[in-house]
Amino acid sequence: AWARWRWSSLLLKRLTELSAEQSQPFLRRRGQVPERGEGGGGGGSARGGGGCGDSPWRDNHHGDSMTRPIMELDRLYRLITTDLAAHSREVLSDAPSRRDGGRSSEQAMLHRGLWWGTLGVSLSTDSMEHLRYRYQDLSPTRAHLGVADVRRSASEAELCERRRVEGQALLAEPYVPELQLFARFGVPPSLRAELWARCLGAEPRTGPYGLPRLSKSVCDWEWITDDVLRLDVAEFCANDVNYFVFDEMVESLVLALSRDATVPSSCDVGPPQEPILTGPTPDMFRPTNSCEKPPGGPQMMVPPCGVVPFRGFSCYACPFAFLADVLDKAFPLFRAFYCRYLSKLHTVGQQPGTLLPLCALFESLVFTTAPHVSYHLAQMGPDAAPLRIAFPWIVTGFAGHLKADQVLWLWDRVVGFGSVQLIAVLAAAIFAFRARLVLSAKVVEDVELIFQDLTALQAMPLLQGFLFASDLSSGGGA
């Protein structure tokens, strides 16, 4: 609870600082500009149907200030590690039960220097045996799409065609548990959008939170987070060889999501962040027509979806540009997947599948499967901690880190098992896979270089090799 509150406080502080820098209120009618004369007018055409007008960061080269990211992921990492650890020590020192000098097992390990974790709280995690049992359908003894292997009797193309026929038969009479079981073994790309939509219950909506109304809100009203999101798309999507041709679609997706006030109540584990509210609405926010009201009423979340975007937030939307070529189809799927799964990845909490348990699982797996690597990195100091390296992978679900097809193969299994746990497992598998290189590293910069580029990695072979190494060594296959 403390970390969640602290994160919200930091976001509010950064929002307020950005508002002062830009001389821009949290909300204004599009077309109103700061007194400095920024070039953020309401003219121009919508980009992909989800954005209106020109953006100061894109076209204003003579202004006094430029839009910047609101929060870096490094700050969130520091919050759940050093900040949370300091708060936990403070709480323990004040607790009567600790004044007798007794220590928990984790504290005893810390005292002896045997615990190399950086997460600021101790959480129980699943063992490797439990993970193997839970994800036994990922065994290499089963035929999987996304695992190209010349030893298989059927080629990858033949397997994909067989799976496509099976998938079409299931979609003819859809039953969600059967579709999820099918997704565990990989979904043919031609069926992925429809099958995910069935599993997630993603349907186009009408009314105030339908896509047309959300897009109109983007055109009529400008939130302080709008140009931050556009800048994020330009940095992470437009510069990515996988996604640069979809930058307009991605921008439209994230802007439309930012306007959806039903997101907090739709997320599986509740709002990803404590909402930041603005209101009652100041005079400068009021429209000139007294019959009109700003979206959301006199007190509104900033932005309306309740999620202040961190640097890299737009990566969540990038893979969905491969699933549909029009916003009407892509947005319901993106929204449903975000609320069901992606929102958990940056929810600071202890509910299953949220950020703290995922980080705890990652550290536990690395320490138990590669203790020599953990010890080697611990000698280099906190900047070489495994969690510091893997944190962006976990928060983004590997979007923007692996190639697009590998992200989609991984997310097929997320849908199939109904869990984001495999994201943390894959992060640990990458460390195990590159253990030999890590052991040869001498300084932190060497470690960062080893994990700088993951685009050559394949998600499913890594997961199978990590969870079922004994099956692979015995030569099992489908």
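Note that the structure is predicted; figures quoted are calculated from it, not measured. (Residues numbered from 1 in each chain as written. Predicted model: local features only at pLDDT ≥ 70, side-chain atom pairs only at ≥ 80, totals over all residues. Heavy atoms only, no water.)

**Quick look at the overall build of the chain**
Phase 1 of the analysis: Across its full length, the chain carries 22 helices and four strands.
Phase 2 of the analysis: Residue burial in the chain is summarised as follows: out of 478 residues, 52% are buried.
Phase 3 of the analysis: Across the chain, every contact between residues at least 6 apart in sequence was considered, and the portion connecting residues at least 24 apart equals 76%.
Phase 4 of the analysis: Counting only carbon and sulfur atoms, one obtains 53% of the accessible surface of the chain, whose full area is about 20,900 Å². (Helix = DSSP H or I, 4+ residues; strand = E, 2+ residues; numbered from the N terminus. Buried < 20%, exposed > 50% of the residue type's maximum accessible area, 1.4 Å probe, protein only. Contact = heavy atoms within 4.5 Å. Areas by Shrake-Rupley, 256 points an atom, 1.4 Å probe, with all protein chains shown as cover.)

**Considering the nonpolar core**
Phase 1 of the analysis: In terms of nonpolar packing, the biggest core is built from 144 residues, with W196 and Y338 touching the most fellow members.
Phase 2 of the analysis: In this structure, Y338 is in contact with L257, V263, C267, P272, V307, F313, Y316, S343 and H346, ignoring residues within four places of it in sequence. (Core = buried A, V, L, I, M, F, W, Y, C linked by side-chain atoms within 4.5 Å.)

**Details of unusual backbone geometry**
Among all residues except glycine, the phi angle is most often negative; among peptide bonds, the trans geometry is most common.
Phase 1 of the analysis: A cis geometry characterises the amide bond from V302 onward to P303, with omega recorded as -15°.
Phase 2 of the analysis: Positionally, P303 belongs in the loop between β4 (300-301) and α13 (327-340).
Phase 3 of the analysis: For S23, which is not glycine, the phi dihedral falls at a positive 50°.
Phase 4 of the analysis: Mapped onto the fold, S23 is located in the loop between α1 (2-22) and β1 (27-29).
Phase 5 of the analysis: Of the residues examined, S23 reaches a relative accessible area of 35% and is grouped as partly exposed.
Phase 6 of the analysis: The phi torsion at F398 lies on the positive side, around 75°, for a residue other than glycine.
Phase 7 of the analysis: Among the structural elements, F398 can be located in the loop between α16 (386-396) and α17 (404-417).

**A look at the packing of helix α6 (residues 156-172) against helix α7 (residues 176-183)**
Phase 1 of the analysis: Relative orientation of the contacting elements α6 and α7 amounts to 165°, with a least axis distance of 10 Å. Looking at the two axes, α6 sits roughly antiparallel to α7. Remark: the crossing between α6 and α7 carries left-handed chirality. Every residue of α7 that contacts α6 at R163, E166, G167, L170 and L171 is listed here: E178, L179 and F182. (Axes fitted to C-alpha atoms, helices over the stretch in contact; angles between N-to-C directions. Parallel < 35°, antiparallel > 145°, perpendicular 65-115°, else oblique. Left-handed = near helix turned anticlockwise from the far one by under 90°.)

**Considering the layout of surface pockets**
Empty space among the atoms becomes apparent when a probe as large as a water molecule is rolled across them.
Phase 1 of the analysis: There is about 820 Å³ of room inside the second largest pocket.
Phase 2 of the analysis: Every residue lining the second largest pocket is counted, 26 residues in all, and those nearest its centre are I389, P392, W393, H401 and Q452.
Phase 3 of the analysis: Every element with two or more residues in the lining of the second largest pocket is listed here: α3 (73-94) and α16.
Phase 4 of the analysis: With six residues, the single largest contributor to the lining of the second largest pocket is α16.
Phase 5 of the analysis: Grouping the constituent residues of the lining of the second largest pocket by class yields twelve nonpolar, seven polar and seven charged. (1 Å grid on protein atoms, 1.4 Å probe; cavity = no way out; pocket = protein on both sides within 12 Å on 5 of 7 lines; lining within 4 Å. Points joined across faces, edges and corners; volume = space filled by probe spheres on them. Nonpolar A, V, L, I, M, F, W, Y, C, P; charged D, E, K, R; others polar.)

**Digging into the pattern of salt bridges**
Phase 1 of the analysis: Tallying each qualifying case throughout the model produces 20 salt bridges.
Phase 2 of the analysis: The partner of K216 in a salt bridge is D220, with the nearest N and O atoms 2.5 Å apart. Taken together, the residues K216 and D220, both in helix α9 (residues 211-220) and four residues apart, mark about one turn of the helix.
Phase 3 of the analysis: With a relative accessible area of 48%, K216 lands in the partly exposed category.
Phase 4 of the analysis: Notably, a salt bridge pairs K344 with D268, separated by 3.8 Å at the nearest N-O pair. With K344 in the loop between α13 and α14 (355-369) and D268 in the loop between α12 (263-266) and β3 (277-278), this pair connects stretches of sequence that are 76 residues apart. (Salt bridge = Lys/Arg side-chain N within 4 Å of Asp/Glu carboxyl O.)

**Looking at the side chain of R30**
Phase 1 of the analysis: The residue R30 is located in the loop between β1 and α2 (56-59) in this model.
Phase 2 of the analysis: For R30, a relative accessible area of 10% corresponds to the buried category.
Phase 3 of the analysis: Of note is the side chain of R30, whose polar atom sits 2.8 Å from the backbone oxygen of V218.
Phase 4 of the analysis: At 3.5 Å, the side chain of R30 and the backbone oxygen of C219 are in polar contact. (Polar contact = N/O pair within 3.5 Å; in protein donor to acceptor, adjacent residues only side chain to side chain.)

**A closer look at α17**
Because the α-helix completes a turn every 3.6 residues, residues three or four places apart line up on one side.
Phase 1 of the analysis: Taking 1.5 Å per residue, 14 residues should reach 20 Å; α17 reaches 20 Å between its end C-alpha atoms and fits that length.
Phase 2 of the analysis: Burial of α17 is extensive: 13 of the 14 residues sit out of reach of the surface. (Expected span 1.5 Å × (residues − 1).)

**Regarding the side chain of H346**
Phase 1 of the analysis: Within the fold, H346 resides in the loop between α13 and α14.
Phase 2 of the analysis: A polar contact of 2.8 Å, which involves the side chain of H346, links it to the side chain of Y338.
Phase 3 of the analysis: In contact with H346, other than residues within four places in its own chain, are P272, Q273, V307, F310, F313, Y316, Y338 and V395.

**Some thoughts on empty space enclosed by the protein**
Phase 1 of the analysis: Throughout the structure, instances matching the rule amount to three cavities of 30 Å³ or more.
Phase 2 of the analysis: Of the pockets and cavities examined, the largest cavity occupies roughly 50 Å³.
Phase 3 of the analysis: T225, L229, V254, L257, S258, P303, C305, V307, P309 and F313 together form the lining of the largest cavity.
Phase 4 of the analysis: With three residues, helix α11 (residues 247-258) is the single largest residue contributor to the lining of the largest cavity.
Phase 5 of the analysis: Of the residues contributing to the lining of the largest cavity, the split by class is eight nonpolar, two polar and no charged.
Phase 6 of the analysis: The calculated volume of the second largest cavity comes to roughly 40 Å³.
Phase 7 of the analysis: Every residue lining the second largest cavity is listed: P69, I70, V228, L231, D232, E235, P309, F310 and R311.
Phase 8 of the analysis: Its residues assigned to classes, the lining of the second largest cavity shows six nonpolar, no polar and three charged.

**Thoughts on the confidence of the model for the chain**
Phase 1 of the analysis: Across the chain, pLDDT averages 84, with 81% of residues at or above 70.
Phase 2 of the analysis: Of all the helices and strands in the chain, α2 carries the lowest mean pLDDT, 39, while α7 carries the highest, 98.
Phase 3 of the analysis: Counting interchain partners and residues more than four positions distant, the pLDDT-below-50 stretch residues 34-51 has 54 contacts.
Phase 4 of the analysis: Contacts from residues 97-114, a stretch scored under 50 in pLDDT, to residues over four places away or in other chains number 14 contacts. (pLDDT = per-residue confidence, 0-100.)

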